Amino acid sequence: AQRVTQPEKLLSVFKGAPVELKCNYSYSGSPELFWYVQYSRQRLQLLLRHISRESIKGFTADLNKGETSFHLKKPFAQEEDSAMYYCALSGGSYIPTFGRGTSLIVHP
Amino acid sequence: SAVISQKPSRDICQRGTSLTIQCQVDSQVTMMFWYRQQPGQSLTLIATANQGSEATYESGFVIDKFPISRPNLTFSTLTVSNMSPEDSSIYLCSVGPNTEAFFGQGTRLTVV
């Protein structure tokens, strides 16, 4: 069975502060991991995936197989980063499993 | 990528009634999914809508409560039947199979 754990329901930071949204997973095979974001009044959309190894909107995420983690990081948070973030895992079935989400609030 | 239109975007319904949610995709897709998104909880997969056959339901969800239609490769409906306040949630349509999921904008349902 595959499982995704996001331990924080809410993360509150000030503008310019570093941000780390935690994600741990459980999967017996080689997972594909994603971060999805939902801004206020917008649909859920892909932010980044681990196989791309890219930075999107200043966010990066590194897959750590030893710790089974895929934490999302940004060195300097911006107010427009305030949103709901979901970590997701796709195994062989291509049906993603989502974590419960972390609400990020960036204060001015 | 796929563009997904979902309607209605929101509705307020009386308990005991039913609501049908539509999902239209701009291209043919093999798999369509229906999720429920509750505040503070993860996206929960309700079922996979299969074209030409009965939907595949996840544990805890049954066809009598959430009947699904999939008449072709671009359209699906989810009906929430005999609604109660506990059904108040956001319902999302998603498509695959791709490792990246695409979502509709969601239907916010409030049952009173």
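You'll find the structure just up there.
The rules behind each value
- Residues numbered from 1 in each chain as written.
- Chains lettered and ligands numbered in written order.
- Predicted model: local features only at pLDDT ≥ 70, side-chain atom pairs only at ≥ 80, totals over all residues.
- Heavy atoms only, no water.
- Helix = DSSP H or I, 4+ residues; strand = E, 2+ residues; numbered from the N terminus.
- Buried < 20%, exposed > 50% of the residue type's maximum accessible area, 1.4 Å probe, protein only.
- Contact = heavy atoms within 4.5 Å.
- Areas by Shrake-Rupley, 256 points an atom, 1.4 Å probe, with all protein chains shown as cover.
- Lys, Arg positive; Asp, Glu negative; His and termini not counted.
- Charge placed at Lys NZ, Arg CZ, Asp CG, Glu CD.
- Disulfide = S-S within 2.5 Å.
- Buried area = accessible area lost by both parts, 1.4 Å probe.
- Salt bridge = Lys/Arg side-chain N within 4 Å of Asp/Glu carboxyl O.
- Nonpolar A, V, L, I, M, F, W, Y, C, P; charged D, E, K, R; others polar.
- Polar contact = N/O pair within 3.5 Å; in protein donor to acceptor, adjacent residues only side chain to side chain.

**Student:** Explanation requested: the overall build of chain A in the structure shown.
**Tutor:** In terms of helices and strands, chain A carries 0 helices and 11 strands. The helix and strand sequence of chain A, counted from the amino end, reads β-β-β-β-β-β-β-β-β-β-β. For the C-alpha atoms alone, the extent of chain A along its principal axes is close to 40 × 30 × 25 Å. Scored against the burial criterion, the 108 residues of chain A give a buried share of 45%. Relative to all contacts within chain A whose residues are 6 or more apart in sequence, the contacts with residues 24 or more apart total 58%. Summing over all exposed atoms, chain A offers an accessible surface of approximately 5500 Å²; the carbon and sulfur share of this is 49%. Each charge sign in chain A was given a centre, from 13 positive and 9 negative side chains, and these centres are 5 Å apart.

**Student:** It is not clear to me how the state of the cysteines should be interpreted in this structure. Could you clarify?
**Tutor:** Two cysteines joined by a covalent bond between their sulfur atoms form a disulfide. Residues and elements named next belong to chain A. For the coordinates displayed, the defined rule picks out 2 disulfides over all chains. Sulfur-sulfur distance for the disulfide between C23 and C87 comes to 2.0 Å. The sign of the S-S torsion, about -65°, decides the handedness of the disulfide formed by C23 and C87: left-handed. Here C87 lies in strand β9 (residues 83–90) and C23 lies in the loop between β3 (19–21) and β4 (24–26), a separation of 64 residues in the sequence.

**Student:** I'm lost on the interface of chain B and chain A in this one. Help?
**Tutor:** Interface size is commonly expressed as the accessible surface area that is lost when the partners come together. Each side of the interface is counted separately: chain B has 19 residues, and chain A has 17 residues. Both sides together, the interface formed by chain B and chain A hides about 1600 Å², and carbon and sulfur atoms give 56% of it. Taken together, the links from chain B to chain A amount to 0 salt bridges. Where the side of chain B that touches chain A is concerned, the elements lending two or more residues are β4 (31–37) and β5 (43–49) of chain B. Residue contributions to the side of chain B that touches chain A peak at 4 residues, all from β4 of chain B. Tallied by class, residues from the side of chain B that touches chain A come to 9 nonpolar, 9 polar and 1 charged.

**Student:** Just checking my understanding: could you explain the side chain of S94 of chain B for this structure?
**Tutor:** Residues and elements named next belong to chain B. Mapping S94 onto the fold places it in strand β9 (residues 89–96). Here the side chain of S94 touches F102 through a polar contact of 3.0 Å, landing on its backbone oxygen. Excluding residues that lie within four positions of it along the chain, S94 makes contacts with I4, M31, M32, F33, Y35, A101, F102 and F103.

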